[in-house]
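A structural walkthrough
As a plain string of letters, each chain reads:
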Amino acid sequence: MSRRASSYDESDVRIRPGKGSRPRTKQRPSHDDAEDAMVVSVDRGRWGCVIGGDPDRRVVAMRARELGRTPVVVGDHVAVVGDLTGRPDTLARIVKVADRTTVLRRTADDTDPYERIVVANADQLLIVTALADPPPRTGFVERALAAAYVGGLTPLLCLTKSDLADPAEFTRAFADLDLPIVLAGRDDPLDDASSRLAGHITALIGHSGVGKSTLVNRLVPDADRATGVVSGVGKGRHTSTQSVALPLPETGQGRGWVVDTPGIRSFGLAHVTPDDIVDAFDDLRDAIEDCPRGCTHLGPPADPECALDELTGQSYRRAMAVRALLVAVTGQTSDSTTDLETDQSAQNDV
């Protein structure tokens, strides 16, 4: 039997809430219980993290929803919550990414606007190159140096396969850049390299086949990084496919880490400007304040009034070495670097 309209009250009325009437809040969890960690590996949406920098407290984490698409790379300092026991099949959450102190970036080529972050928060860049098989390439080292200077990393040059060739001729090109050079051939002791890496986070980069993974296995005996051979055309094959941070043996200088990166075939620098490179040198940074607007610091004929040409002594020699670096990176020419190369050749002949 139907009810009359007068018998209904408010309890009989049901109103479906619309989207605009649902209660919402902008408050987010404070995560006061989060612990600090460093990202040591990345693999398909999962990040390996070490709690407090302790390699024995490793957890696997996912990126929290509130971070959205915030990039998280090896070397990042993060805050993690959730299951931090590190037991198999457990998963923590990354809820915060700290500001980066240094960043090693590269692009696919010099025209690609998309920057790829290779490593974050490393304080050193170990540029690994072989003296033979495959032959050394000054262009790659120059580009890696530019990326290090711009990213805030201290560069080191590591020469492998020193039993196959004399390093003197190759290293002469970098003599005026105050670039530390270490030898890491098969028969070379690694005491110098180990002392320079102790207490630091050091990223290793190099072409495929230069012996980077072999070097890592010597520095970190438990690393067990795959090694390969050089092909018949002088090119290496990729054996490291993902960046990974590995702990060095602890010394009196504190815990050090090395970040092994995949072999690089190209190193684009679309994000680098001449001023970025020159700014890495204190004495040159002050000098270019007197340069005219738009100066690219390449000297004549492009920049006949560049203030770097007014320097003397060691500062001038460093300025010319940096100018050669700019020429290599930009692909332009400079009369001063040509003259400097001629003078060096003449000295070598004597």
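Everything quoted here is computed from the prediction, not taken from an experiment.

Section: the overall build of the chain
Along the backbone of the chain there are eight helices and 13 strands. For the chain, with 350 residues in total, the buried portion stands at 43%. In the chain, the proportion of contacts linking residues at least 24 apart, taken out of those at least 6 apart, comes to 62%. By element, 47% of the accessible surface of the chain is carried by carbon and sulfur atoms, the whole surface being about 19500 Å².

Things to note about the pattern of salt bridges
One pass over the structure, following the stated rule, counts 11 salt bridges. Measuring nitrogen to oxygen at the nearest pair gives 3.4 Å for the salt bridge that ties Glu250 to Arg255. Among the charged side chains, a network of salt bridges with common partners joins Asp178, Asp283 and Arg318.

A closer look at a negative patch on the surface
Negative charge collects at one region of the surface, where Asp275, Asp279, Asp286, Glu289 and Asp290 lie side by side. By the element assignment, Asp290 lies in the loop between α6 (282-287) and α7 (313-330).

Some remarks on unusual backbone geometry
In this chain, Asp133 is followed by Pro134 through a cis amide linkage whose omega measures 0 degrees. Its place among the elements puts Pro134 in the loop between β8 (124-130) and α1 (138-151). Residue Pro300 is joined to Pro301 through a cis peptide bond whose omega torsion reads 5 degrees. Positionally, Pro301 belongs in the loop between α6 and α7. Even without being glycine, Asp89 reaches a positive phi, approximately 70 degrees. Structurally, the position occupied by Asp89 is in the loop between β4 (77-82) and β5 (92-97).

Comments concerning the nonpolar core
Counting residues in hydrophobic clusters, the biggest one holds 56 residues, and the most contacted among them are Leu145 and Ile277. Filtering out sequence-adjacent residues up to four positions away, Ile277 remains in contact with Ala146, Tyr149, Val150, Val272, Val322, Leu325, Leu326 and Val329. Ranked by size, the runner-up nonpolar core spans 21 residues in total, among them Val128, Val182, Ala193 and Leu248.

As for the packing of α1 against α7
At a minimum axis distance of 9 Å, the contact between α1 and α7 shows a crossing angle of 105 degrees. In terms of orientation, α1 lies roughly perpendicular with respect to α7. In this structure, α1 contributes Glu142, Arg143, Leu145, Ala146 and Tyr149 to the contact, and α7 contributes Leu325, Ala328 and Val329.

Here we look at the environment of Met62
As for its position among the elements, Met62 is in strand β3 (residues 58-63). Placed 18 residues apart in sequence, Met62 and Arg44 show a C-alpha to C-alpha distance of 10.0 Å. Residue contacts for Met62: discarding those within four places in its chain leaves Gly45, Arg46, Trp47, Leu91, Ala92, Arg93 and Ile94.

Things to note about the side chain of Asn121
Checked against the element boundaries, Asn121 lands in the loop between β7 (116-120) and β8. Only 2.9 Å separates the side chain of Asn121 from the backbone oxygen of Gly75, close enough to count as a polar contact. Only 2.8 Å separates the side chain of Asn121 from the backbone nitrogen of Thr101, close enough to count as a polar contact. In this structure, Asn121 is in contact with Gly75, Asp76, His77, Asp99, Arg100, Thr101, Thr102 and Ile201, ignoring residues within four places of it in sequence.

Quick notes on the state of the cysteines
A complete count under the given rule lists zero disulfides for this structure. Considering cysteine sulfurs only, Cys295 is the nearest to Cys306, which forms no disulfide, with 3.9 Å between them. On the basis of relative accessibility, which here comes to 2%, the residue Cys306 falls in the buried class.

Overview of α1
With 14 residues, α1 extends 20 Å between its outermost C-alpha atoms, agreeing within 8% with the 20 Å of an ideal straight helix rising 1.5 Å per residue. Most of α1 is tucked away: 11 of the 14 residues are buried. Every buried residue of α1 is accounted for by Phe140, Val141, Glu142, Arg143, Ala144, Leu145, Ala146, Ala147, Ala148, Tyr149 and Gly151.

Things to note about the confidence of the model for the chain
Overall, the prediction assigns the chain a mean pLDDT of 84, with 82% of residues at 70 or greater. The low-confidence segment residues 228-239, where pLDDT is below 50, has 25 contacts with residues more than four positions distant or belonging to other chains. With pLDDT under 50 throughout, residues 340-350 is counted as low confidence; its partners more than four residues away or in other chains account for three contacts.

Examining the environment of Val80
Along the chain, Val80 falls in strand β4. Assessed through its relative accessible area of 0%, Val80 is described here as buried. Each C-alpha atom of the pair Val80 and Ala61 lies 7.7 Å from the other, and the pair is 19 residues apart in sequence. Leave out the neighbours within four places in its chain, and Val80 touches Ala34, Glu35, Ala37, Cys49, Ile51, Arg93 and Ile94.

Overview of the pairing of strand β1 (residues 35-43)
Where β1 meets β4, four bridges bridge the pair, whose relative direction is antiparallel. Bridging across to β4, Ala37 finds its partner in Val78. Between β1 and the antiparallel strand that follows it, strand β2 (residues 46-51), lie two residues; Arg44 among them carries a positive phi value of about 50 degrees.

Parameters at a glance
Residues numbered from 1 in each chain as written. Predicted model: local features only at pLDDT ≥ 70, side-chain atom pairs only at ≥ 80, totals over all residues. Heavy atoms only, no water. Helix = DSSP H or I, 4+ residues; strand = E, 2+ residues; numbered from the N terminus. Buried < 20%, exposed > 50% of the residue type's maximum accessible area, 1.4 Å probe, protein only. Contact = heavy atoms within 4.5 Å. Areas by Shrake-Rupley, 256 points an atom, 1.4 Å probe, with all protein chains shown as cover. Salt bridge = Lys/Arg side-chain N within 4 Å of Asp/Glu carboxyl O. Patch = residues over 30% accessible without salt bridge, like charges linked within 9 Å, V, L, I, M, F, W, Y side chains within 5 Å. Lys, Arg positive; Asp, Glu negative; His and termini not counted. Charge placed at Lys NZ, Arg CZ, Asp CG, Glu CD. Core = buried A, V, L, I, M, F, W, Y, C linked by side-chain atoms within 4.5 Å. Axes fitted to C-alpha atoms, helices over the stretch in contact; angles between N-to-C directions. Parallel < 35°, antiparallel > 145°, perpendicular 65-115°, else oblique. Polar contact = N/O pair within 3.5 Å; in protein donor to acceptor, adjacent residues only side chain to side chain. Disulfide = S-S within 2.5 Å. Expected span 1.5 Å × (residues − 1). pLDDT = per-residue confidence, 0-100. Pairing = 2+ DSSP bridges.

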